[in-house]
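Chain by chain, the residues:
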Amino acid sequence: MLLELHLVRTFLAVIDAASFTGAAEALGISQPTVSQHIRRLERLTGQQLILRDTHAVTLTPNGAVLEGFARETLALDTQARAYFEGTTEQVRVRLGVSEDLALTRLPALLRRLTHEQPQLQIDLTVGLTSMLYPKLDNGRLDLILAKRRDGDERGVLIKREEMAWIAHRDFVVDRHARIPLVVYPSGSITTALALQALERAGLPWRMACSSETLTGIWSGLQAGLGISAQSPVLLDVPPHELRAIGIEAGLPALGAVDYVLLGRSRQLTGVAALAAKIIGEAAKRFWV
């Protein structure tokens, strides 16, 4: 058998720890055993997989190819064990989703996810992007599907979307008055975009309504209290009384925001890797 699971686990542990010593500590085995496993894997594949020196561990091109196969092998093993053992604990994934997607894209994503992984237990957290990232970094979430924070390069790009000024269909922008805003509190990506755009354009504004939840934002917009910088997906929320406004109302362009799928590490394994693959593929199809 080419990809023996214990050899695969050791190989990935060396990659994740970037050292043989770190891999040994993570796996609870000796460093000579780690070296033995890697040598055996190289004999089985007939290829050098890792370049070793005193300072770093580097994958060869063949090692990089094997890494992909190895992670898929472990993920499938986890899936098979969970299915045949009938346990839910082994297939639990903690997923965080930004509120705008939760109201629009999330139901379809969850249907696809549970259809392909019927044993999966989903612990769902919905909230502001600014709240989801710390939870992920602190180990309280396994995956998040949310906007990418400014300056953060992590995550797999799902959609780059132009933000829009959104208001009730009967709302009219008064160009002689301060623009009333319906926004999230400080720390919100969309709030920052809105304020930066207005300040660049030299347009005065006032805070008409502030809410920490999208439900509150939506209610303020439905009431005609003002305008908000949001993803156009919000226009899909019934009763469809909101509309996008912009140049015709004298408002500046907001720019685009990246929606990304992000895990706790760059290389996901097990159930988190399976869930990320399904969600990532489905999200790109469901996004209109």
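For the structure itself, look to the data block above.
On a predicted model such as this, the values are computed, not experimentally measured, just so you know.

A short note on the nonpolar core
Leu143, Trp165, Ile227 and Leu251 are the most contacted members of the largest nonpolar core, which totals 41 residues. Per-element accounting of this core gives the leading share, seven residues, to helix α10 (residues 270-286). Leu3, Ala13, Val14 and Ile50 belong to the second-largest nonpolar core, a separate cluster that totals 18 residues.

Topic: the layout of surface pockets
In this model, the largest pocket occupies a volume close to 670 Å³. In this structure, the largest pocket is lined by 23 residues; those nearest its centre are Arg266, Leu268, Ala273, Ala276 and Lys277. Secondary structure elements with two or more residues in the lining of the largest pocket: α4 (61-85), β6 (156-162), β12 (256-263) and α10. Of the residues that constitute the lining of the largest pocket, the class distribution is 11 nonpolar, six polar and six charged. Looking at the second largest pocket, it is lined by 16 residues, and the ones nearest its centre are Arg148, Arg149, Asp150, Gly151 and Ile189. The residue inventory of the lining of the second largest pocket, partitioned by class, reads five nonpolar, four polar and seven charged.

Thoughts on the pairing of β12
The buried fraction of β12 amounts to seven of the eight residues, a majority that puts the element mostly inside the structure. Summarising the sheet, strand β5 (residues 143-147) and β12 pair through five bridges and their orientation is antiparallel. Its bridge partner lying in β12, Ile144 is registered against Leu262. When β6 meets β12, the two strands line up antiparallel, connected through six bridges. By the bridge assignment, Glu162 is partnered in β12 with Ala256.

Details of the pairing of β5
Taken residue by residue, a regular strand's side chains alternate between the two faces of the sheet. The buried fraction of β5 is high, at five of five residues. Here strand β3 (residues 92-98) runs beside β5; their pairing, made up of three bridges, is parallel. Residue pairing across strands places Leu95 opposite Leu143, the latter belonging to β5.

Overview of unusual backbone geometry
Cis geometry is found at the peptide bond from Pro238 to Pro239, where omega equals 10°. Unusually for a residue other than glycine, Ala18 sits at a positive phi of about 60°. Summarising the element assignment, Ala18 is placed in the loop between α1 (5-17) and α2 (20-27). Residue Ala18 is classed as partly exposed on the basis of its relative accessible area of 44%.

Cut-offs applied
- Residues numbered from 1 in each chain as written.
- Predicted model: local features only at pLDDT ≥ 70, side-chain atom pairs only at ≥ 80, totals over all residues.
- Heavy atoms only, no water.
- Core = buried A, V, L, I, M, F, W, Y, C linked by side-chain atoms within 4.5 Å.
- Buried < 20%, exposed > 50% of the residue type's maximum accessible area, 1.4 Å probe, protein only.
- Helix = DSSP H or I, 4+ residues; strand = E, 2+ residues; numbered from the N terminus.
- 1 Å grid on protein atoms, 1.4 Å probe; cavity = no way out; pocket = protein on both sides within 12 Å on 5 of 7 lines; lining within 4 Å.
- Points joined across faces, edges and corners; volume = space filled by probe spheres on them.
- Nonpolar A, V, L, I, M, F, W, Y, C, P; charged D, E, K, R; others polar.
- Pairing = 2+ DSSP bridges.

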